[in-house]
Amino acid sequence: MRVPQDIAETIVNPTAYADSRIFDAYAWLRANKPLAVAQPEGFDPFWVVTRHADILEISRQNDLFHSGDLATTITSREVDARVRKLTGGSPHLVRSLVQMDAPDHPKYRALTQAWFMPQNIKKLEERIRAIARAAVERMVATGGECDFVREIALHYPLHVVMEILGVPEADEPRMLMLTQELFGAADPELGRTPKESKEPEDLGPIQQVIADFYQYFAKISADRRAHPTGDLATVIANSQIDGQPISEFEAMSYYVIVATAGHDTTSSTTGGAMWALCDNPDQLAWVKEDLSRVPGLIDEAIRWTTPVKTFMRSATADAEVGGQKIGKGDWLMLCYASGNRDETVFDEPNRFRADRSPNKQLAFGYGAHLCLGQHLAKMEMRILYEELLPRIKSVRLNGEPKMSQAVFVNGPKTLPIAFELA
Ligand code: HEM
């Protein structure tokens, strides 16, 4: 069961994620080889999992399909070797929740789980609404034309997540750059190219970005130990497991996962929603008519954009999924963006429909690693659109939008719009 070589190459080609080629490849795979092995040039072989049901089945079996044994994002042989050399054998540069399995994973997840639950983050609603209103005012002040991604969608979730991590506003541009460099490493307009790297040769651009993150959060962590405030940074800095403080490396990894996972994904989806509204004026009118429809709009924008395209797993024993035998040690790619267009689950999967109900999107993953930040992400986006929609009468594209080139996390990177005020 092999994926044709041209499709295998498409799956690891960042430019295919900037146009519709990846969706064509996914559609072909779902129809013809929904669970098959790909081996692009320079990569170890991996199973490509494209059906909604198979993604859920693998994600829910966390003992059989581990996150931490091999790289968690698709990585070439060369990069994997470099990472292992640097770390003394581990395939991971950081050790955050996404790289952990039981028994450590549930213990580390429990440290912040309560903080991320709806009852707790509800307390942030007023503050987030104030940040959203300021963002909408900035948009309105442009007088009717802006780049919605660069001027609004990139900054709003960044501001929210940096506040919960205690990063002062003045440092946000630096954090934005670091996150874009980490996720957008393959995009020439976003990534840090090797020639700009000032570190020794063996520290590649991504390692350097992570080193910058560590340096930054070490200061915040020390401050929260000395002066606890109750924010998420305080929870992480003072965390203990089995009566012992967590290591500095693991605390830093925690900051890195929240700082990075916490805003690029949400920015992409916020931008994706606006792009979809430009393309579907009927949907804009329908949601504007009754703002209790905004959560449905957000769910559909999450399905539509699916900013986290893939995560990897590896089999801890021989297994069977969807009638296909998987061998012990095999590497698997969960293609969330494909599951979210699965025609056996979604009617008209290639149409944006804010009234989709139920919406079984799986963009936050499933099982033990289900996104911790999902309630926060949905709340942020709901509040922004509740504030924004009553202020505009119409919106349209005002230039060519562009998607970022990245295999792991991607979404719109530029979205010129023109809007009429209500
Ligand atoms: C995990 C997607 C927003 C923090 C995940 C995973 C996905 C995902 C697919 C699962 C990883 C796996 O199974 O290996 C998204 C999307 C978002 C979003 C689509 C926005 C639309 C956020 C936000 C935060 C966050 C706002 C925090 C402020 C996390 C953390 C994990 C995670 C900490 C690791 C959970 C674990 O491994 O136990 N996210 N995320 N995410 N996400 Fe999100």
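Refer to the structure above for everything that follows.
Residues numbered from 1 in each chain as written. Predicted model: local features only at pLDDT ≥ 70, side-chain atom pairs only at ≥ 80, totals over all residues. Heavy atoms only, no water.

**Quick look at the sheet that holds strand 1 (residues 35-38)**
The pairing of strands in a sheet comes from backbone hydrogen bonds and takes either a parallel or an antiparallel form. As summarised here, the arrangement of the 5 strands in space is 1-2-10-7-3, forming an open sheet in which the pairing is mixed. Either end of the sheet is taken by a strand with one partner, and the two such strands are strand 1 and strand 3 (65-66). Running at roughly 125° to strand 10 (residues 331-335), helix 3 (residues 52-60) makes contact with strand 1, strand 2 (46-49), strand 3, strand 7 (310-315) and strand 10 of the sheet. (Pairing = 2+ DSSP bridges. Helix = DSSP H or I, 4+ residues; strand = E, 2+ residues; numbered from the N terminus. Contact = heavy atoms within 4.5 Å. Axes fitted to C-alpha atoms, helices over the stretch in contact; angles between N-to-C directions.)

**Considering the coordination of the iron atom of the ligand**
Each donor-metal-donor angle in an ideal tetrahedron of four donors is 109.5 degrees, and each such angle in an ideal octahedron of six donors is either 90 or 180 degrees. In this structure, the iron atom of the ligand receives exactly one donor atom from the protein: C371 (SG), at 2.3 Å. Here C371 shows up in the loop between helix 17 (336-339) and helix 18 (374-388). (Donors = N, O, S within 2.8 Å, 3.2 Å for Na, K, Ca; no water.)

**Concerning the pattern of salt bridges**
Opposite charge on two side chains lets them pair, provided their charged atoms get close. Counting across every chain of the model gives 29 salt bridges. As a salt-bridge pair, D104 and R95 come within 2.7 Å of each other at their nearest N and O atoms. On the basis of relative accessible area, D104 is assigned to the partly exposed category, the value being 24%. One salt bridge connects E125 with R382, and the closest N-O pair in it is separated by 3.4 Å. Highlighted residues: E125 in helix 7 (residues 125-141) and R382 in helix 18, separated in sequence by 257 residues. One exposure class covers both E125 and R382, and it is buried. Ionic contacts of the salt-bridge type, sharing partners, join the residues E125, R129, R133, R382, E386 and E387 into one network. (Salt bridge = Lys/Arg side-chain N within 4 Å of Asp/Glu carboxyl O. Buried < 20%, exposed > 50% of the residue type's maximum accessible area, 1.4 Å probe, protein only.)

**Overview of the pairing of strand 7**
Counting buried positions over the 6 residues of strand 7 gives 6, a clear majority of the element. Residues T310, M312 and S314 line one face of strand 7 and the alternating positions F311, R313 and A315 line the opposite face, and both faces are buried. Across 2 bridges, strand 3 lies against strand 7 in antiparallel orientation. Within strand 7, the residue paired with H66 across the bridge is S314.

**Observations regarding the sheet that holds strand 14 (residues 416-421)**
If you walk across this open sheet you meet the 3 strands as 4-14-11, and the pairing is antiparallel. For this open sheet the edge positions go to strand 4 (145-147) and strand 11 (392-397), each flanked by a neighbour on one side alone. The mean angle between the axes of side-by-side strands here comes to 30°, regardless of whether they run parallel or antiparallel. Running over the sheet, helix 14 (residues 264-279) touches strand 11 and strand 14 and is turned about 95° from strand 11.

**Quick look at the site of the ligand**
By nearness alone, 28 residues border the ligand, and H105, R109, R313, H369 and C371 come closest of all. Contact distances for the ligand include 2.7 Å between an oxygen atom and a side-chain N or O atom of H369. Among the residues forming the shell around the ligand, the class breakdown is 18 nonpolar, 8 polar and 2 charged. (Near = heavy atom within 4 Å. Polar contact = N/O pair within 3.5 Å; in protein donor to acceptor, adjacent residues only side chain to side chain. Nonpolar A, V, L, I, M, F, W, Y, C, P; charged D, E, K, R; others polar.)

**Remarks on the side chain of Q99**
By the secondary structure assignment, Q99 is in the loop between helix 4 (77-87) and helix 5 (104-116). In terms of polar contacts, Q99 uses its side chain to reach the side chain of S96, at 2.7 Å. Not counting the four nearest positions on each side in its chain, Q99 is found in contact with G68, T72, H92 and V94.

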